[in-house]
Amino acid sequence: QVQLVESGGGLVQAGGSLRLSCAASGRTFSSYVMGWFRQAPGKEREFLVAISRSGGATYYADSVKRRFTISRDNAKNAVYLQMNSLKPEDTAVYYCAARYGPNVYNLSGYDYWGQGTQVTVSS
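Source: prediction; values computed, not measured. (Residues numbered from 1 in each chain as written. Predicted model: local features only at pLDDT ≥ 70, side-chain atom pairs only at ≥ 80, totals over all residues. Heavy atoms only, no water.)

**Q** It is not clear to me how the packing of aromatic side chains should be interpreted in this structure. Could you clarify?
**A** Taken as a whole and assessed by the stated rule, the structure comprises 8 aromatic pairs. Ring geometry for Tyr32 against Tyr112: centres 5.9 Å apart, planes inclined by 85°, an arrangement best described as edge-to-face. Placement of the pair is Tyr32 in strand S4 (residues 32-39) and Tyr112 in strand S10 (residues 112-113), with a sequence separation of 80 residues. Judged by relative accessible area, which is 21%, Tyr112 ranks as partly exposed. Here Phe37 and Phe47 contribute two aromatic rings whose centre-to-centre distance is 5.5 Å and whose plane-to-plane angle is 70°, an arrangement assigned as edge-to-face. In this pair, Phe37 is assigned in strand S4 and Phe47 in strand S5 (residues 46-51), connecting sequence segments 10 residues apart. Pair check on accessibility: Phe37 and Phe47 agree, each one buried. Taken together, Phe37, Phe47, Tyr59, Tyr95, Tyr105, Tyr110 and Trp113 form an aromatic cluster joined through their ring pairs. The ring of Tyr95 is capped by Arg45, whose NZ or CZ atom sits 4.6 Å from the centre of that ring. Note that Arg72 overlies the ring of Phe29, its terminal NZ or CZ placed 4.4 Å from the centroid. (Phe/Tyr/Trp six-rings, centres within 6.5 Å; stacked < 30°, edge-to-face > 60°. Helix = DSSP H or I, 4+ residues; strand = E, 2+ residues; numbered from the N terminus. Buried < 20%, exposed > 50% of the residue type's maximum accessible area, 1.4 Å probe, protein only. Lys NZ or Arg CZ within 6 Å of the ring centre and 35° of its normal.)

Below you can see the structure in the form of structure tokens.
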């Protein structure tokens, strides 16, 4: 199993940037596909992006494909989400999640979740 702790959320102006971090416990971090999701009030959880175990492959939702970038550092047991050109519609609680297995394109099976971090984008 893996435990996830997120940080880096906050309040930013539209057009600004934030970098979210997710720190994982344990020695098996590199065995997990990692993903970022978000959930706004009154909406269901939305998939944003996933990264393969080695970091060599990524899969982005169309809504963030040209604005957000995922990366990971297995030596630090960490995954990051760089968010640029933020819009008010990006306001949500952002979660990192882990799925054991090799397929970055499989959106199911994310069994481990962080506590979430609030991102608020003002206009």
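Following the structure, the description resumes.
**Q** Any chance you could explain the sheet that holds strand S3 (residues 18-24) here in plain terms?
**A** Hydrogen bonds between backbone groups are what pair the strands of a sheet, and the pairing can be parallel or antiparallel. An order of S1-S3-S8-S7 is seen for the 4 strands of this open sheet, with the pairing classed as antiparallel. Looking along the sheet, the strands with just one partner apiece sit at the ends: strand S1 (4-7) and strand S7 (68-73). The sheet shows a mean angle of 15° between the axes of neighbouring strands, direction not considered. In terms of strand pairing, S3 meets strand S8 (residues 78-83) through 6 bridges, oriented antiparallel. (Pairing = 2+ DSSP bridges. Axes fitted to C-alpha atoms, helices over the stretch in contact; angles between N-to-C directions.)

**Q** Got a minute to help me understand the pairing of S1 in this structure?
**A** A regular strand carries its side chains on alternate faces of the sheet. Judged by which residues are buried, S1 turns out to be one-sided: Leu4 and Glu6 face inward and are buried, whereas Val5 and Ser7, on the alternate face, are not. Here S1 pairs with S3 via 4 bridges, running antiparallel. Residue pairing across strands places Val5 opposite Ala23, the latter belonging to S3.

**Q** In this structure, what is going on with the environment of Met34? I would like to understand it.
**A** Structurally, Met34 is set in strand S4. Sequence separation between Met34 and Arg53 is 19 residues, and the spatial gap between their C-alpha atoms is 7.3 Å. With sequence-adjacent residues up to four places away left out, Met34 is seen in contact with Leu4, Cys22, Phe29, Val49, Ala50, Ile51, Ile70, Arg72, Val79, Ala97, Ala98 and Tyr110. (Contact = heavy atoms within 4.5 Å.)

**Q** Can you help me understand the state of the cysteines in this one?
**A** Chemically, a disulfide is nothing more than a covalent bond linking the sulfur atoms of two cysteines. On inspection of all chains with the given rule, the structure shows 1 disulfide. Across a sulfur-sulfur distance of 2.0 Å, Cys22 and Cys96 are joined as a disulfide pair. Classification of the bridge connecting Cys22 and Cys96 rests on its S-S torsion, roughly 55°, and on that basis the disulfide is right-handed. Highlighted residues: Cys22 in strand S3 and Cys96 in strand S9 (residues 92-100), separated in sequence by 74 residues. (Disulfide = S-S within 2.5 Å.)

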